[in-house]
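# Secondary and tertiary structure notes
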Amino acid sequence: MARPSGNADVTRSAILAFLGTSGSASRADLARALEVSPALMTQLVKDLLADGLVRELAMSPSSGGRPARMLGLATAAGRVVGMKVSKDHVAFVETELSGQVVRADSRAFDASSVTSLSDLVALVKSFVDQDRNTPLLGVGVGVPGSVDAQGSGVVDSSLLGWRQVPLGAVLSRELHVPVLVENNVNALAVAERLYGSGRKHSEFLVVTIGEGVGAGFVTGGAVVRGSRGGAGEIGHIPAVIDGPLCTCGNHGCIEALIGERALVEHARESGLIAPDATITALQEHADAGDPLAQDIFRGAGQPLGRTVAGLVQILDPEIVIVSGEGTRAWRHWAPGFERSFRAALTADRRSIPVIVESWDDEAWARGAAALVASAPFYSEESSGEQGRRVRARLTNVPAEVVGQ
Ligand SMILES: [Zn+2]
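In this report, the structure presented in the accompanying data block is examined.

One side chain can pair with another of opposite charge once the charged atoms of both are near each other. Here the structure, examined in full by the defined rule, presents 14 salt bridges. Of the charged contacts in the structure, one is a salt bridge between Asp 361 and Lys 84, with a shortest N-O distance of 2.9 Å. In this pair, Asp 361 is assigned in helix H12 (residues 361–374) and Lys 84 in strand E4 (residues 79–85), connecting sequence segments 277 residues apart. Of the residues examined, Asp 361 reaches a relative accessible area of 24% and is grouped as partly exposed.

With that settled, consider the packing of aromatic side chains. One pass over the full model with this rule turns up 5 aromatic pairs. Pairing Phe 297 with Trp 333 gives two aromatic rings, centres 6.5 Å apart and planes at 45°, and the pair type is tilted. Here Phe 297 is found in helix H10 (residues 291–315), whereas its partner Trp 333 is found in helix H11 (residues 330–344), with 36 residues between them in sequence. Residues Phe 297 and Trp 333 agree in their burial class; the two are buried. Ring geometry for Trp 330 and Trp 333: centres 6.4 Å apart, planes at 10°, overall stacked. Residue Trp 330 and its partner Trp 333 are both found in helix H11; the two are separated by 3 residues, about one turn of the helix. With respect to class, Trp 330 is no different from Trp 333; both count as buried. Among the aromatic side chains, those forming a connected cluster through ring pairs are Phe 297, Trp 330, Trp 333, Phe 337 and Phe 341. A cation over an aromatic ring shows up here: Lys 84 above the ring of Trp 364, its NZ or CZ 4.5 Å from the ring centre.

Conventions adopted
Residues numbered from 1 in each chain as written. Predicted model: local features only at pLDDT ≥ 70, side-chain atom pairs only at ≥ 80, totals over all residues. Heavy atoms only, no water. Salt bridge = Lys/Arg side-chain N within 4 Å of Asp/Glu carboxyl O. Helix = DSSP H or I, 4+ residues; strand = E, 2+ residues; numbered from the N terminus. Buried < 20%, exposed > 50% of the residue type's maximum accessible area, 1.4 Å probe, protein only. Phe/Tyr/Trp six-rings, centres within 6.5 Å; stacked < 30°, edge-to-face > 60°. Lys NZ or Arg CZ within 6 Å of the ring centre and 35° of its normal.

This is the structure in structure tokens:
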């Protein structure tokens, strides 16, 4: 069966997410909530019914108007595991098909260890094994780096120190479930599209600050992956000639200027914080009103603002969403960011909304879980065989007849 692409794919996922969170809804409710025409919604629901993913429930109680047939998820039994891999820890969530988080955990992890891959397998297994009763549809993994395709999951990450690590294949073989791997900012962008501020926008930009600096581009309702899954790595935009050394090996990348490591080093060198102190200490100084600490964040906000302005000029999004652990200190970034961002935009774009979301690790892991929940309908080209396996597990149809 041919799958629709682009917006329709995401809307199918959004219907499942809506039904999962609201329990039940009529076609009219769905059309209104997801801002889709009633005619298109009728068609999408028809496909979902035919695919066995949605079922018809009782008529809604009449409240004056014509009673409507309610719809619900065909199965609420499936669960999805999402994980966000960082260089020193892994965040896990288990979600329902709707994206509702059932449980979450965080474990220490050393990405630079020679046994990092087997360590990761052991961590996932121990998290997954806690619930053997509910069928596991698949595992979604977000990593800070480039992933060739979600379905094969070969990872290149300068932050993790990984080159061509076959993460997807290893996890899938060890766990015996479909595994989808994606750049963690792209995974976050999927979650934003399904559950967050991107729900009502098909053109938006997600920018993240923290240890790394990254971006996810959503256009036509779909995440732009690029030819090798590396689109949106804005941290490596060359900003300064002969600037500081970056983790990628080049000099003067934006991440080497305003990534967490650069800010902490700046604060240490100026004697503001102790040689072993972290970003938390720097933020505490800024919160307490220390002008030097505030200057460091404001100074980082300026190049970030100019960089994001450049992206807005290129992509012409409806909104910009800023996220990542660095947003904890956003009130100190904001003065530098806002000024340089607005000033660098052309007049017709200067009023574009910027939404700052203090999403945490759990939200990022939820984004990875959303890869699995949306796999049957979304980015099928990149989720490939793994996406078909998820779909087969959802509908209990043998994998070989699905997607034909
Ligand atoms: Zn770089």
